[in-house]
Amino acid sequence: MLKPHLTRDSAEQYILGALSPEASAALEAHTLECEPCARLLQEEAVLSEQLQEVAQSFPREDRVIRPARWHVRRAAAGAVGAALAAAASLALVLLPGGRAPHPSGVAGRATTTAALELEMGAPRAIVVACPDLATQDSCMQAAEERGLLVQYPWGTGEVPRYEARTGLPEGALSARHPVSL
Amino acid sequence: MSAAVQGLRMTLRMPREAEEPVEAEVARQGDEDTLARRALAGDRAAWDALVARHHRRVVVSLLARGVRVDRAHELAQETWARLIQQQQRGLLTELRLPNLALTQAAFLAADDARRSRRESISGAVEELPERQHPVDPSVSAERRLLSEEQLSRAHAALAQVSPSARTVFLLACDGQELPHAEVASRVGLSVQRVRQILCEVRKKLRSALEEETHA
Ligand SMILES: [Zn+2]
C-alpha cells in the first residue's frame, strides 16, 4: 500500500489528537507496514512522555510543595546557573504567600528561608508523593533509600506511591505493582 | 553526590498568579475526585468519562515503549478492562489516574513482550526488533526518562517562552489530561491556537532536550 510516509508534523498532530479519525486511521495503518515511520511515531511518543515529565517537574506556584528534596545536586546549580536563575525567578515571587511552618515538622526544619528558596528555585526531581503527615517519616525514609524525592499529590505517571502504610487491604491494586488477572 | 539530606519541611500552598483562579483549580481537582469516587463505587458513566480523558495518554505511553499502534489500542482497552474488573472485585481502593492506568499498561506491554519473545524462541524465528521489547515495568515505574541536565535545560527553555504559552503547555501536560478544548477555554484561545502553541513549545523543548552536553 502506498499511503504517504509520516512527517514529524503529522506524527505530532496524531499524538496531540489533532487529526481527523480518517487521517489517524491512515497514519496508523501506514506505521504497521513501514518500520521507519513506526520509529518516527515512537520517537514522537517518547518526546510526549518526556514533556510530561518536564511539565510536571517544572516548579509551580499553585502546588502543595511537599517536604524536602534529597540529593539536591547543588553542583549542577553552577553549571546551569543562568537557567536556574530564570526558573527561580518564577518561583521566588510567590514565597511571601507561604504559611508558617507546620508544627509537626521534624529534624532539619531549621533550614532557613533562604535555603528553601534556593531549593524551590532549582527545578528538578521526579519524586514521590507521601500520603499524609502521619506516615511521612517512614515514607520519606523509604523514598530516600531509593534515591527518590518527595512531591505534591497529583503527581506524575512515573511516581510510585506508598499505600502499604495507609492500611489498605491485602491484595489491593496498587499503582506500583500492577495486578495480573 | 551531595547527599545533603534535607529535613522534613512544611507543606506550602502557594497562591497562583493571574491566569487561573484558585477556585478553578479546586473545581478541577474536585471534579476529578468526584469522578474517581463514583468510578470506585462502580458508576459506569464515571468510568467512561475517566477512560475518555486518559485513554490517549495510555496509548501514547505504549507507543513510546515501542508497541505497535494496533496492539497499543488493544492493550489500552485491556488496561481499562482490568481496572474495572479490579474495581468490581473490590480490590481497587483508590483510583489515581493516569498513574494507575499507565502502570497497568506498562505491565501488560512487558507481559506481551515476554510472550512474543518466548514464541520467537520456540518457533526459531529471528529475534524481534528491539522496539518490541518494552522494559520491565517494575523498573520503569521509577524510571527517569530524562537526565538532570536535560530537565534543567528543558526547564530553562520553558522559562523563556511567553507566559501564556507556558500556561498552555503546563495546563495541557500536567498529567491531568485536560482536553485541549478545556485548555482553550481557560486561556481564552481557540483550540487550534492552543495546539499551535503546544507544537511551538514542543519544538523548543525538543531542541533543548537534544542539545549535546559538553563537560
Ligand atoms: Zn513510511
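1. As for the packing of helix 8 (residues 180–187) of chain B against helix 9 (residues 191–210) of chain B
Residues and elements named next belong to chain B.
In step 1: Running from amino to carboxyl end, helix 8 crosses helix 9 at an angle of 100 degrees, the nearest separation of the two axes being 8 Å. Our classification of the angle between helix 8 and helix 9 gives roughly perpendicular. Here His180, Ala181, Val183, Ala184 and Val187 of helix 8 come into contact with helix 9, specifically with Val191, Val194, Arg195 and Leu198.
In step 2: Of the residues in the contact of helix 8 with helix 9, the class split is seven nonpolar, one polar and one charged.

2. Considerations on the coordination of the zinc ion
Residues and elements named next belong to chain A.
In step 1: Bound to the zinc ion are the protein donor atoms His5 (ND1), His30 (NE2), Cys34 (SG) and Cys37 (SG), situated 1.9 to 2.3 Å from the metal.
In step 2: Considering all four donor atoms around the zinc ion, the spread of angles at the metal, 103 to 112 degrees, places the coordination shape in the tetrahedral class.
In step 3: Taken in chain order, the donor set of the zinc ion reads H-x24-H-x3-C-x2-C. With a gap of 29 residues between them, His5 in the segment before helix 1 (8–16) and Cys34 in the loop between helix 2 (21–33) and helix 3 (35–57) connect regions that are remote in the sequence.
In step 4: Among the residues examined, Cys34 registers a relative accessible area of 11% and is labelled buried.

3. Here's the deal with the side chain of Ser24(A)
All names here are of chain A.
In step 1: Tracing the sequence through the fold places Ser24 in helix 2.
In step 2: The buried category is assigned to Ser24, whose relative accessible area is 15%.
In step 3: Excluding residues that lie within four positions of it along the chain, Ser24 makes contacts with Tyr14 and Leu19.

4. What to know about the confidence of the model for chain B
In step 1: On average, chain B scores 80 in pLDDT, and the residues at 70 or more come to 73%.
In step 2: Low confidence marks residues 124–142 of chain B, where pLDDT is under 50. Its contacts with residues over four positions away, or in another chain, come to 44 contacts.

5. Some details on the nonpolar core
In step 1: Ranked by internal contacts, the top residues of the largest apolar core, which has 41 residues, are Leu41(A), Trp47(B), Val58(B), Leu62(B), Leu63(B), Trp80(B) and Leu95(B).
In step 2: Looking at this core, the elements that each hand over two or more residues are helix 1 and helix 3 of chain A together with helix 1 (22–40), helix 2 (44–64), helix 3 (69–88) and helix 4 (99–122) of chain B.
In step 3: Once you skip the residues sitting within four places of it in the chain, Leu63(B) turns out to touch Tyr14(A), Leu41(A), Gln42(A), Ala45(A), Arg68(B), Val69(B) and Ala72(B).
In step 4: The next biggest cluster of nonpolar side chains, apart from the first, holds 31 residues, and it includes Leu170(B), Leu171(B), Leu178(B) and Leu205(B).

Parameters at a glance
Residues numbered from 1 in each chain as written. Chains lettered and ligands numbered in written order. Predicted model: local features only at pLDDT ≥ 70, side-chain atom pairs only at ≥ 80, totals over all residues. Heavy atoms only, no water. Axes fitted to C-alpha atoms, helices over the stretch in contact; angles between N-to-C directions. Helix = DSSP H or I, 4+ residues; strand = E, 2+ residues; numbered from the N terminus. Parallel < 35°, antiparallel > 145°, perpendicular 65-115°, else oblique. Contact = heavy atoms within 4.5 Å. Nonpolar A, V, L, I, M, F, W, Y, C, P; charged D, E, K, R; others polar. Donors = N, O, S within 2.8 Å, 3.2 Å for Na, K, Ca; no water. Tetrahedral: all angles 85-135°; square planar, octahedral: opposite > 155°, others 65-115°. Buried < 20%, exposed > 50% of the residue type's maximum accessible area, 1.4 Å probe, protein only. pLDDT = per-residue confidence, 0-100. Core = buried A, V, L, I, M, F, W, Y, C linked by side-chain atoms within 4.5 Å.

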